[in-house]
Amino acid sequence: MAETDTGRPPRDEVDRIVLAWQRERPDLDVRPLTVLSRVSRLARHLDLARRATFARHDLETWEFDVLAALRRAGEPYRLSPGALLTQTLVTSGTMTNRIDRLAEQGLVERMPSPDDRRGVLVQLTPAGLRRVDEAFSALLAVERDLIGDLPEADRERLAELLRDVLTLFDAS
C-alpha cells in the first residue's frame, strides 16, 4: 500500500485522495487538500447531524438560524429584519419570506418599532422560545458527542486553528 508524505499508510479517505492526486499529478502541491478536504467532509457530517437534530424538533436549519439569532439577542428576543439579515447572511427578500413562514407557524411575530413608525421588529413568541431552546440543547448534546473522543486540549487547539483560518476569510 502506498504511504502518505508522513511515511504512514492512509488513515482516512482524504489520505487516499491525496495519494491518488500525488500519483496522478506529481507536478502539483496537493497539501492544501490535507486540511481543506477534511474541513469540507467534516462540514458535510456536521450539516447532516444538525439537520437530523433540528428535524426532531420540527425545524429546518434556516428556521433554527433565525430563531437562534433572536434568542441570542436576549430579552425581549427581538431584532430588526436588517439585523437578522446581517446575522444569517441572506437577502432581504429571503428574510421576508422566512419571517412570514415563521410567523405563520406562531414562532415569531412582527411588531412596530418603537423608534421608527415605519420600522418593524421581529420577536420570538413563547412557542418560538421553547422550540429554539429545546433544539439548541439537543444540538449541543449531538455536537458534544461528535467531538467527545478528542481530548480537551486538542479541542481547544483545533478551535484556535480554525479561528485563525476563518479570520482570513472573514477579513476579506
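The model shown is predicted, which means the values in this text are computed figures rather than measured ones. (Residues numbered from 1 in each chain as written. Predicted model: local features only at pLDDT ≥ 70, side-chain atom pairs only at ≥ 80, totals over all residues. Heavy atoms only, no water.)

1. Observations regarding helix α3 (residues 61-72)
Quick note on the threshold: Helix and strand labels come from DSSP, where a helix needs a run of H or I of at least four residues and a strand needs a run of E of at least two; each type is numbered from the N terminus. Any helix carries an expected span of 1.5 Å times its number of residues minus one. Partly exposed residues are those whose accessible area sits between 20% and 50% of the maximum for their type, while under 20% is buried and over 50% is exposed, using a 1.4 Å probe and protein chains only.
In a regular helix each residue adds 1.5 Å, so 12 residues correspond to 16 Å; α3 covers 16 Å between its end C-alpha atoms and thus fits that length. Within the sequence span of α3, burial applies to Trp62, Glu63, Phe64, Val66, Leu67, Ala68, Ala69 and Leu70. At the C-terminal side of α3, Gly74 shows a positive phi close to 80°.

2. Section: the environment of Leu19
You can see Leu19 is positioned in helix α1 (residues 13-24). The class of Leu19 is buried, set by a relative accessible area of 12%. Separated by 11 residues in the primary sequence, Leu19 and Val30 have C-alpha atoms spaced 9.1 Å apart.

3. A short note on the pairing of strand β3 (residues 120-124)
As a reminder, the rule being used: Here, a strand pair is defined by DSSP locating no fewer than two bridges between the strands.
Counting buried residues in β3 gives four out of five residues, a clear majority hidden from the surface. Bridging between strand β1 (residues 78-79) and β3 involves two bridges; their strand directions are antiparallel. Bridge pairing in β3 links Arg78 to Gln123. Pairing of strand β2 (residues 108-112) with β3, which is carried by five bridges, proceeds in the antiparallel orientation. Pairing of Glu109 across the sheet is with Gln123, part of β3.

4. Notes on the UniProt feature "domain: HTH marR-type" (unreviewed entry) in the protein
To keep things clear, this is the line we draw: UniProt positions are given in the numbering used here, feature names are shortened, and annotations may be inferred rather than shown by experiment.
Sites flagged by UniProt as "domain: HTH marR-type" (unreviewed entry) map to residues 29-167. Along residues 29-167 one finds 68% helix and 9% strand; the C-alpha atoms at either end are 24 Å apart.

5. Considering the layout of surface pockets
Cut-off, in case you're wondering: Using protein atoms alone on a 1 Å grid, points that fit a 1.4 Å probe yet trap it form a cavity, whereas open point sets bounded by protein on both sides within 12 Å along at least five of seven lines form a pocket; residues with an atom within 4 Å of a point count as lining. Grid points are joined across faces, edges and corners, and a volume is the space filled by probe spheres set on the points. The residue classification treats Ala, Val, Leu, Ile, Met, Phe, Trp, Tyr, Cys and Pro as nonpolar and Asp, Glu, Lys and Arg as charged. All others, Gly included, are polar.
The volume enclosed by the largest pocket comes to roughly 1,400 Å³. Every residue lining the largest pocket is counted, 36 residues in all, and those nearest its centre are Arg38, Val39, Leu42, Leu158 and Leu162. Of all elements in the fold, only α1, α2 (31-55), α6 (126-146) and α7 (152-171) reach the threshold of two or more residues within the lining of the largest pocket. Of the residues that constitute the lining of the largest pocket, the class distribution is 19 nonpolar, five polar and 12 charged. Counting only elements with at least two residues in the lining of the second largest pocket, the list comes to α2, α3, α4 (81-88) and α6.

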